[in-house]
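Spelled out, the chains give:
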Amino acid sequence: MATALDVRTFEEVPAWVGRRLRPHVDRAADELLNELRRGGPRIGEDEAGRARAGVAAGIRHFCDLVEDPGAGWERVSAFYLRVGRHLARDGRDPVETHQALRRSACVAWRTLGDLDLDHAALGLVMDAQFAYMDAVAEVIAAGYAAEIADRAERRLAPVVHRRRARLLHLLLAEPPAPDGVRLEGLGASPGRVVGRARIIEDLVWQADEFQVGEVLVT
């Protein structure tokens, strides 16, 4: 994963902030879920459950990084890379997870307000949180794009296989009796052959056009 997190912002945050915040994760996620159910358009249980899980995961991962800036990001980035891939598989918009991250940030700030942190500590947490959200958004986007690319490659694989098989068949087939104009040049293999010449610009994608006995010219 090329996306990296600037862990220096987390190294500045006292580790005890994460330890004090962690016990409040479930309560904070439940508060958000209640807010979602009370206000705005009604949401289904599945969507509400995903929102709660996303908020809880976001806060816990933030605590992981505060407590262990050096090793925490590898675990967190692997999690959100899978999230991006799952979003693509399910046909869901990555914006959904970005919204969950913003919600988790708001909930975390309300919870931090109950922990009586001084202004200096709050400022350090704010810097770390912005760095965290930016890095996570990049990882989710990378996972989403990777899954889309893999899906396209899987769709094309049978076509490419058929073209390559046809190309191999044509290359190994016996040529017919020569007719027409003869073109001479430098051969890539030993021996002598006479046949119709075909100029190759894209070997794989032109395979369906080849005929037995043609001489391929590049």
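Residues numbered from 1 in each chain as written. Predicted model: local features only at pLDDT ≥ 70, side-chain atom pairs only at ≥ 80, totals over all residues. Heavy atoms only, no water.

Draft legend 1. How the structure looks around the nonpolar core. Counting 34 residues, the largest nonpolar core has Phe10, Phe62, Trp73, Tyr80, Tyr132 and Val136 as its most contacted members. Of all the secondary structure elements, the ones that give two or more residues to this core are α2 (15–21), α3 (25–38), α4 (45–67), α5 (69–90), α6 (95–113) and α7 (119–172). In terms of residue count, the dominant contributor to this core is α7 (9 residues). When neighbours within four sequence positions are excluded, Tyr80 is seen to be in contact with Ala57, Gly58, His61, Leu101, Tyr132, Val136, Val139 and Ile140. (Core = buried A, V, L, I, M, F, W, Y, C linked by side-chain atoms within 4.5 Å. Buried < 20%, exposed > 50% of the residue type's maximum accessible area, 1.4 Å probe, protein only. Helix = DSSP H or I, 4+ residues; strand = E, 2+ residues; numbered from the N terminus. Contact = heavy atoms within 4.5 Å.)

Draft legend 2. Expanded view of the pattern of salt bridges. Within the structure shown, the criterion is met by 7 salt bridges. Note that Glu67 is salt-bridged to Arg22, the shortest N-O span being 3.2 Å. One end of the pair, Glu67, is in helix α4; the other, Arg22, is in the loop between α2 and α3, with 45 residues separating them in the sequence. Arg22 gets classed as partly exposed once you look at its relative accessible area, which sits at 29%. Close ionic contact of Asp26 with Arg60 constitutes a salt bridge, the shortest N to O distance being 2.7 Å. Pair noted here: Asp26 is in helix α3 and Arg60 is in helix α4, with a separation of 34 residues, a long-range link. Residue Asp26 is classed as partly exposed on the basis of its relative accessible area, which comes to 38%. Looking at Arg60, the relative accessible area reads 33%, which means it is partly exposed. One network of salt bridges, in which partners are shared, links Arg85, Arg89, Glu147 and Asp150. (Salt bridge = Lys/Arg side-chain N within 4 Å of Asp/Glu carboxyl O.)

Draft legend 3. Representation of the packing of aromatic side chains. One pass over the structure, following the stated rule, counts 3 aromatic pairs. Between Phe62 and Tyr132, the ring centres sit 5.9 Å apart and the planes meet at 75°, which makes this aromatic pair edge-to-face. With Phe62 in helix α4 and Tyr132 in helix α7, the pair connects residues that are 70 residues apart, well separated along the chain. Here Phe62 falls in the buried class, since its relative accessible area comes to 5%. In this structure an aromatic cluster arises from ring pairing among Phe10, Phe62 and Tyr132. (Phe/Tyr/Trp six-rings, centres within 6.5 Å; stacked < 30°, edge-to-face > 60°.)

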